[in-house]
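Given next are the chains, with one letter for each unit.
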Amino acid sequence: MLPWLFSMSFSICEKESRQVFPKRKEILSTPLLTIREASVEDLLLTEPEANRPGKCQVTGVVLGDGSTVCAGSVILTTGTFLRGVILMGLETHPAGRLGDQPAVGLAQTLEKLGFTVGRLKTGTPPRLAKDTINFSGLEERVPDNPPVPFSFLSKAVWIKPEDQLSCYLTHTNLKAQQIVLDNLHLNDHVRETTKGPRYCPSFESKVLRFPNREHQVWLEPEGLESDVIYPQGLSMTLPPELQEQVIRSIPGLEKAKILQPGYGVQYDFLDPRQLTASLESRLVQRLFFAGQINGTTGYEEAAAQGIIAGINACLLVQGKPPFIVSRTEGYVGVLIDDLTTLGTTEPYRMFTSRVEFRMSLRPDNADARLTHRGFEEAGCVSQQRYEQAVQMRAALEDGIATLKSIQFSVSKWSHLVREVPISSNRRSPLSAFDVLRYPEANMEILARAIPEPLRKLAEWRELSERLKIEAAYEWCVVNQQQEIEEVRRDEALRLPEDIDYFAIDASLSAEVREKLNSSRPQTIGAVSRIPGVTPAAIINLLRFVKAEKLKAFPQTGKYLSGKMYSEKATSQTPISAEISEEELGSTFVKTPL
């Protein structure tokens, strides 16, 4: 199970070979699993069950050849296929992806059933031939050595460190930008009002929104034995001949050959507020949705929903209660809660800033948070994994208790662990757990200073690493809890009516500023209910408003009108997709890493 689904304070990332993941043979040999490759055109429906919400109940699907597959529950993961249309330049044709037909009949059925349908768009970059790229002058990014496994059951990954493949970094330039600007009239996709992904936009969108900058392009190999390179960050919908001009204007790609041009896709999605927290539809019983059909974008986001929908579809058939991951337990809980309560008007992507308890949701402790529930409630965790998680959790609790029980004065600690610069201003006594918080400290150093009882803790490498992380994050977790309580206390705090969200000197993203300016909330509590405004943004806005309140007249406690903004800040309008001649003549800026 991917750690991202439940944790992301610091993350493990991996670029997998398409040739080996997923392992087709392993999937095909899974007991009690039957795989049929066919298009789904319609749903089999019957009368609803009593005492459950829904106008009808799904009992299976109708395939493209007219045959049917009966089922106790159905999960729809349509991706970009729901009435999908591909755009390349001025050309459009129905497709879910290049070479595959869209799901039109299924889209019509869902609409007739009363589902609220929206439209989103995305895109994909052209694929390049590896042997036509000059990597010599590009910045190489080598993989981790040794690579870190995702699973708690794995001691190492299957591939040797030396067999891993590097990625390379290059950048676009003004020449590539000018090709886009000169040919906007040949690009229908970028001019469409349909919302696309904000955080991985097409190259054309980046040129329009962030002109006169270099933009990163990551050259990623698609497989260990593949000759295909995926230029991450270069999604395009220009005509193929113009895509070639853009590609060959980029350093290292002067002679690159395009194997498949990039293109845009527009597709239907359903308002996710029509789902329960188990991802079951409120309109049709036993029908579940996962992935882009719910308005999300990204592989991990889709995988997270697929796991939860799959678990709950099985539990429903077995007559068991649903498996719900809360916002405090994992990132997938935050994702599903955001979707089903707030909905989305643009492709939703998961970020750490969306999570109130992100310091507690880390890949190192995913087993402690959800393995027990996965074993007891969902039935998706093996006995081996469960027993290992129980053992580690007990060892962690004992280890933390042991470290906290060892206490000495600051002067004695300074003598015992000279490698650790312990501040003389710290209050005595200090515990070994307190000392472990210092960046220079680790369990090996503490075990040398106090062999008994710390030697055994240091010899277990995984436990030693977990103890260090727990010590480092303890104060962060406490601080975050205090922030959450601060927001709860001040929900009724009123915001100034004349506040200019584009000018205030607060740490807010462009997306949050746009949403605040559009909604004009009256209180902090109202801010927390705006889709897309993150918990981190709420904290930053709250602290800005409270700080400005201190500058108000003490007699009245009112805000100083017109003084809500930093003198350095200047009012800005939302980012425009139009570029003036003055902007084109401005200084060329390189976007930092």
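Since this is a predicted model, take the numbers as computed values, not measurements. (Residues numbered from 1 in each chain as written. Predicted model: local features only at pLDDT ≥ 70, side-chain atom pairs only at ≥ 80, totals over all residues. Heavy atoms only, no water.)

The subject of this paragraph is the sheet that holds strand 10 (residues 167–171). Taken together, 6 strands build an open sheet; the order of strands is 9-10-12-13-8-14 and the sheet is antiparallel. Each end of this open sheet is capped by a strand with a single partner; those strands are strand 9 (139–141) and strand 14 (258–260). Averaged over neighbouring strand pairs, the angle between their axes works out to 35 degrees when direction is ignored. In this structure, strand 8 (residues 127–129) lies alongside strand 13 (residues 228–232), joined through 2 bridges in antiparallel fashion. (Pairing = 2+ DSSP bridges. Helix = DSSP H or I, 4+ residues; strand = E, 2+ residues; numbered from the N terminus. Axes fitted to C-alpha atoms, helices over the stretch in contact; angles between N-to-C directions.)

This part covers the nonpolar core. Counting 45 residues, the largest nonpolar core has Leu43, Leu76, Leu110, Phe115, Leu287 and Phe289 as its most contacted members. For this core, the elements supplying multiple residues, two or more each, are strand 2 (56–63), strand 4 (74–76), helix 2 (104–112), strand 17 (287–289), helix 7 (299–317), helix 8 (331–342) and helix 9 (366–378). With 7 residues, helix 7 is the single largest residue contributor to this core. Residues Val410, Val417, Val435 and Met443 belong to the second largest nonpolar core, which totals 29 residues. (Core = buried A, V, L, I, M, F, W, Y, C linked by side-chain atoms within 4.5 Å. Buried < 20%, exposed > 50% of the residue type's maximum accessible area, 1.4 Å probe, protein only.)

Let us look at the sheet that holds strand 6 (residues 91–94). Within the open sheet, the 4 strands sit side by side as 6-5-15-7. Their pairing is antiparallel. With partners counted over all chains shown, the strands left at the sheet margins are strand 6 and strand 7 (117–124), one partner each. Between one strand and the next, the sheet's axes are offset by a mean angle of 25 degrees, whatever the strand orientation. With 8 bridges connecting them, strand 7 and strand 15 (residues 263–270) associate as antiparallel partners. Its bridge partner lying in strand 15, Gly123 is registered against Gly264.

Once that is clear, we can look at the pairing of strand 13. In terms of strand pairing, strand 12 (residues 216–221) meets strand 13 through 4 bridges, oriented antiparallel. Note that in strand 13 the partner of Glu220 across the bridge is Tyr230. With antiparallel pairing between neighbouring strands as the criterion, strand 12 and strand 13 make up a hairpin whose turn holds 6 residues.

Between helix 10 (residues 383–405) and helix 14 (residues 451–459), the shortest axis-to-axis distance is 11 Å and the interhelical angle comes to 145 degrees. Crossing geometry of helix 10 relative to helix 14 is assigned as left-handed. Across from Gly399, Thr402 and Leu403 in helix 10, the residues of helix 14 making contact are Pro453, Leu454 and Leu457. Here the residues of the contact of helix 10 with helix 14 are counted per class, giving 4 nonpolar, 2 polar and no charged. (Left-handed = near helix turned anticlockwise from the far one by under 90°. Contact = heavy atoms within 4.5 Å. Nonpolar A, V, L, I, M, F, W, Y, C, P; charged D, E, K, R; others polar.)

With that settled, the discussion passes to helix 18 (residues 535–549). The end-to-end C-alpha separation of helix 18 is 21 Å, in line with the 21 Å expected for 15 residues at 1.5 Å each. Check the buried side of helix 18 and you find it contacts helix 15 (461–489), helix 16 (510–519) and helix 17 (524–527). (Expected span 1.5 Å × (residues − 1).)

A separate point is the side chain of Thr534. Relative to the assigned elements, Thr534 resides in the loop between helix 17 and helix 18. If we ignore the near neighbours within four places in the chain, the residues touching Thr534 are Ser353, Arg354 and Val512.

On to the pattern of salt bridges. Evaluation of the coordinates by the stated rule reveals 39 salt bridges. Salt-bridge contacts for Glu462 lead to Arg461; the nearest nitrogen and oxygen are separated by 3.4 Å. Residues joined in a network through salt bridges with shared partners are Arg362, Asp364, Asp367, Arg466 and Glu470. (Salt bridge = Lys/Arg side-chain N within 4 Å of Asp/Glu carboxyl O.)

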